[in-house]
Amino acid sequence: MAIIRALCFLVQLFFVSGDYNIFTDLYQQAEALIAGAYQPVPVNNNAYFEGQRSKKIHEAGVYDFIIVGGGAAGSVLANRLTENHFTVLVIEAGGEDPDVSAVLGLGPYMILSKWNWGYNTTTQSNACLASIDQQCLYARGKSLGGSTNIMGGYYVRGNAKDYDKWADEGNEDWSYNDILPYFRKAELANFSVDVEPQYHGFHGPQVIGITEDVPGLSSSLLNAFGELGLEELDYNGENQIGYSRPQQYLSFNIRSSTNYSYIRPVRHRRNLFITLNALATRLIIKNKRAHGVEFVKGGQTYRAFASKEVIVSCGSINTPQLLMLSGIGPSDELMALKIDVIADLPVGKNMQDHVLFDILVFKTNNTYYNLTLEEQLKLWYQAKRPLTPAFGGLLVSFFDYDNDTVPEVEIFALPASSSIGEIFNRASDVYAAGFENFNALSDFIIGIALCHPVSVGEVTLASSDPRDYPLINPNYLSNETDIEIIYQGIQTVLQLRNTTAFQELGAELHLMLIPGCDDDYKRESKDWWFCAIRHFASTVFHPTGTTRMGTTSENSVVNSELKVHGLHGLRVVDAGVMPSPISGHTAAPTVMIAEKAADLIKQDHLWH
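Note that the coordinates shown come from a computational prediction; the quantities given were computed from them, not determined experimentally. (Residues numbered from 1 in each chain as written. Predicted model: local features only at pLDDT ≥ 70, side-chain atom pairs only at ≥ 80, totals over all residues. Heavy atoms only, no water.)

A.B. asks: Please set out the sheet that holds strand 8 (residues 248-251) residue by residue, giving values where relevant.
C.D. replies: The sheet built from four strands is open, its strands ordered 5-6-8-9 with mixed pairing. The open sheet has two free edges, formed respectively by strand 5 (187-189) and strand 9 (254-255), since each of these has just one partner strand. (Pairing = 2+ DSSP bridges. Helix = DSSP H or I, 4+ residues; strand = E, 2+ residues; numbered from the N terminus.)

Structure, rendered in structure tokens:
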């Protein structure tokens, strides 16, 4: 970490000393990134990988391990498995992450860039009703570091009982006490606000930081949530129910993605091989054993072989796609697409995701950070707002309504932005006007995320062609319980209007015009809120369960060692193995899973 800090210092030194080359390049990248977000190029499939594809198959070598996907989990595995003598090939569909991804505050634009796969959900019946074709945006990272390069960067592990539940369901050694050492192993906690040191790590590769307050706003928000009876605490410590400044993946001013933290420091290792812009099209499986991977790169087809294991770490969406293309999945669906069935497993089923409702905008008479992009970047070099935190994050809180110490909702605060809000919701023309009065310079959003959805969706194949995107149907709000809990969260937010802190701030709720609801229901009635939820509920992009861990092949895809049921030499290591959603964001648990998986793999191939 001393090297990383020295590099950060040198970057600042170059800027302060008058060498503007680094700054100018970053500024130009940021300008292009922002401009591109408002003119996105629609991408509907992977055809661009093909080029003038040759029928010849090129041999790409033999390695001890092949990791498919260099994202949140794959980067961790690449680092840990090359600590020893193992040779490792990483096959990554994207390229290197751009320099501008280091700026957490530009995350919303990264989500709308070419470093995102460009997925949308299928048409939803109960949510996304205000979106174009009733389809929500579904961002997935496509570069080394994966979604850790484009997502919000919030470090939220979840609740201890979430993991104890995994263990209670038969997943041995996955209780909170079992996995806490792996959270600590990955972390370098670089903050002192309400930290509980026994729950944190101080020597890991990923730096976790807390940004400075917004003068006149942060303290008011914290005070307001205190008036609701919550405790200010470290939500990654002993208790989660309360509020805090957000802990974020932040090394001074730089996004500490898994590429930044795990890959770059070991890129020089001679036993680590990485191929970029390479799309895995199928796993090579013979006699119930995974032997290798076939992939396309530059219009050519290659195949590489693994002497020990193939590890699929493509994420909760792309991993099920690759498994099903390879004959691992629901037999009836595979046979319908004329794919030979190797293992009949519920791949792609059990998808659950944290639903987001984020249109509660509070207007103020104050102005915060009325700065040009150039001025904002100059402050960023000093680790100052507004671009240092993810999405301008101001506060994170967790509410427990049934007194079991496990939160039903996460409620957070961040600056309001009309254009980003509109794009994120993919608002159709009828509803886009509702975002016009959002003002990031003076207003803030209180968002509500559902921690434990009951609704279950699925990921399926559109066809047997790897060029076709998978079909993502999260089936949001299909269970009425989910809407009831979000509504309960809304009622909590509305109580903030009565706090002294909000009144002193002059914060007033601005309700959007929602034609599909305003015409039929009285505004702020329960029916109106239910309608608003169905129109604007979207996602925090936290899919889990599509290759869930469990004890039987009827209800799970991998066992507690993350080995695919009924097959040899094949594991899945990513957020898809989570048996049920956790009370937080998925980046930290995914890294934890990969850290633990690395030890499981070493136990099989090194320590015995």
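A.B. asks: Explain the side chain of T275 to me, and be specific about the residues and the numbers.
C.D. replies: With respect to the helices and strands, T275 occurs in strand 10 (residues 272-275). When its relative accessible area of 10% is taken as the criterion, T275 is described as buried. Side chain to side chain, T275 and K297 meet in a polar contact 2.8 Å long. Beyond its immediate chain neighbours, meaning those up to four positions away, T275 contacts L89, V90, I91, E92, F295 and K297. (Buried < 20%, exposed > 50% of the residue type's maximum accessible area, 1.4 Å probe, protein only. Polar contact = N/O pair within 3.5 Å; in protein donor to acceptor, adjacent residues only side chain to side chain. Contact = heavy atoms within 4.5 Å.)

A.B. asks: Can you tell me about the environment of L394, naming the residues and giving the values?
C.D. replies: Within the element layout of this structure, L394 appears in the loop between helix 11 (373-380) and strand 17 (395-399). Once the C-alpha coordinates of L394 and N498 are considered, the two residues, 104 residues apart in sequence, prove to be 20 Å apart. For L394, the contacting residues outside a window of four places in its chain are V214, L217, S218, L221, R245, P246, R385, A413, L414, P415 and F444.

A.B. asks: Please give an account of the environment of L230 that cites residues and values.
C.D. replies: Assignment of secondary structure puts L230 in the loop between helix 7 (218-227) and strand 7 (242-244). Separated by 167 residues in sequence, L230 and S397 have C-alpha atoms that sit 8.6 Å apart. With residues up to four places along the chain from it excluded, the contact list for L230 reads F225, I241, G242, Y243, S397, F398 and F399.

A.B. asks: Provide a residue-level description of the pairing of strand 12 (residues 289-297), including the pertinent values.
C.D. replies: Within a regular strand, the side chains alternate between the two sheet faces. Inspection of the sheet shows strand 11 (residues 279-286) paired to strand 12 by seven bridges, in the antiparallel sense. Note on strand 12: the bridge partner recorded for A280 is F295. As consecutive antiparallel partners, strand 11 and strand 12 are separated by two residues, and within that stretch N287 has a phi angle of approximately 55 degrees, a positive value. From the end of strand 12 to the start of strand 13 (residues 300-312), which pair antiparallel, there are two residues, and G298 there has a positive phi angle of about 60 degrees.

A.B. asks: Lay out helix 6 (residues 176-186) in plain terms, naming residues and giving numbers.
C.D. replies: Buried within helix 6 are the following residues: Y176, I179, L180, Y182, F183 and A186. On its buried face, helix 6 sits against helix 5 (160-168), strand 5, strand 6 (206-209), helix 8 (258-263) and helix 18 (587-605).

A.B. asks: Before we move on, can you summarise the packing of helix 14 (residues 480-495) against helix 17 (residues 526-536) with the specific residues and values?
C.D. replies: At a minimum axis separation of 10 Å, helix 14 and helix 17 run at an interaxial angle of 110 degrees. Between helix 14 and helix 17, the crossing angle belongs to the class labelled roughly perpendicular. The two elements helix 14 and helix 17 meet at a crossing, and its hand is right-handed. Along its contact with helix 14, which presents E480, I483, E484, I486, Y487, I490, Q491 and L494, the element helix 17 presents K526, W529, F530, I533 and R534. (Axes fitted to C-alpha atoms, helices over the stretch in contact; angles between N-to-C directions. Parallel < 35°, antiparallel > 145°, perpendicular 65-115°, else oblique. Left-handed = near helix turned anticlockwise from the far one by under 90°.)

A.B. asks: Tell me about the nonpolar core, and name the residues and values.
C.D. replies: Counting 81 residues, the largest nonpolar core has L283, I328 and L570 as its most contacted members. Per-element tally for this core: the top contributor is helix 18, with eight residues. Those residues in contact with L570, other than ones at most four positions away along the chain, are L283, A290, V310, V312, L323, I328, L562, K563 and V564. Formed by 74 residues, the second largest nonpolar core is a distinct cluster that contains C128, A224, A507 and L511. (Core = buried A, V, L, I, M, F, W, Y, C linked by side-chain atoms within 4.5 Å.)

A.B. asks: Report on unusual backbone geometry, specifying residues and quantitative values.
C.D. replies: Residue R385 is joined to P386 through a cis peptide bond whose omega torsion reads 10 degrees. For C128, which is not a glycine, the phi torsion comes out positive at approximately 60 degrees. Of note, C128 is situated in the loop between strand 3 (119-120) and strand 4 (137-138). Judged by relative accessible area, which is 0%, C128 ranks as buried. Although it is not a glycine, Q134 adopts a positive phi angle of roughly 55 degrees. Secondary-structure assignment places Q134 in the loop between strand 3 and strand 4.

A.B. asks: Kindly report on the pattern of salt bridges, identifying the contributing residues and their values.
C.D. replies: Here the structure, examined in full by the defined rule, presents 26 salt bridges. Between E484 and K526 there is a salt bridge, with its nearest N and O atoms 3.3 Å apart. Of this pair, E484 sits in helix 14 while K526 sits in helix 17, and the two are 42 residues apart along the sequence. A network of salt bridges, in which partner residues are shared, links R80, E83, K185, E595, D599 and K602. (Salt bridge = Lys/Arg side-chain N within 4 Å of Asp/Glu carboxyl O.)

A.B. asks: So what's going on with the confidence of the model for the chain? Which residues, and what values?
C.D. replies: Summarising the model, the chain shows a mean pLDDT of 92, and 94% of its residues fall at 70 or more. Segment residues 1-18 is flagged for pLDDT under 50; beyond a separation of four residues in sequence, or across chains, it makes 21 contacts in the model. (pLDDT = per-residue confidence, 0-100.)

A.B. asks: Tell me what's going on with the packing of aromatic side chains, and back it up with residues and numbers.
C.D. replies: Summed over all chains, the structure comprises 26 aromatic pairs. Taking the centre distance of 5.9 Å and the plane angle of 70 degrees together, the rings of Y163 and F183 count as edge-to-face. Taken as a pair, Y163 in helix 5 and F183 in helix 6 lie far apart in primary sequence, 20 residues in all. For the pair Y163 and F183, a shared accessibility class is recorded, and that class is buried. (Phe/Tyr/Trp six-rings, centres within 6.5 Å; stacked < 30°, edge-to-face > 60°.)

A.B. asks: With reference to specific residues and values, describe the state of the cysteines.
C.D. replies: What we call a disulfide is simply a covalent bond connecting the sulfur atoms of a pair of cysteines. Taken as a whole and assessed by the stated rule, the structure comprises two disulfides. Two residues share a disulfide in this structure: C128 and C136, whose sulfurs sit 2.0 Å from each other. Negative torsions about the S-S bond denote left-handed disulfides, and the value of about -110 degrees found for C128 with C136 makes this one left-handed. For the pair C128 and C136, one class covers both residues: buried. Here C517 connects covalently by a disulfide to C531, the sulfurs 2.1 Å from one another. Disulfide C517-C531: the torsion about the S-S bond is -85 degrees, which places it as left-handed. Of this pair, C517 sits in helix 16 (residues 515-518) while C531 sits in helix 17, and the two are 14 residues apart along the sequence. Across the pair, C531 and C517 agree in class, each one buried. Taken in N- to C-terminal order, the disulfide-linked cysteines of the chain are connected 1-2, 3-4. In this model C451 remains outside any disulfide bridge; the closest cysteine sulfur is found in C136, 18 Å from its own. By relative accessible area, which is 3% here, C451 ends up buried. (Disulfide = S-S within 2.5 Å.)

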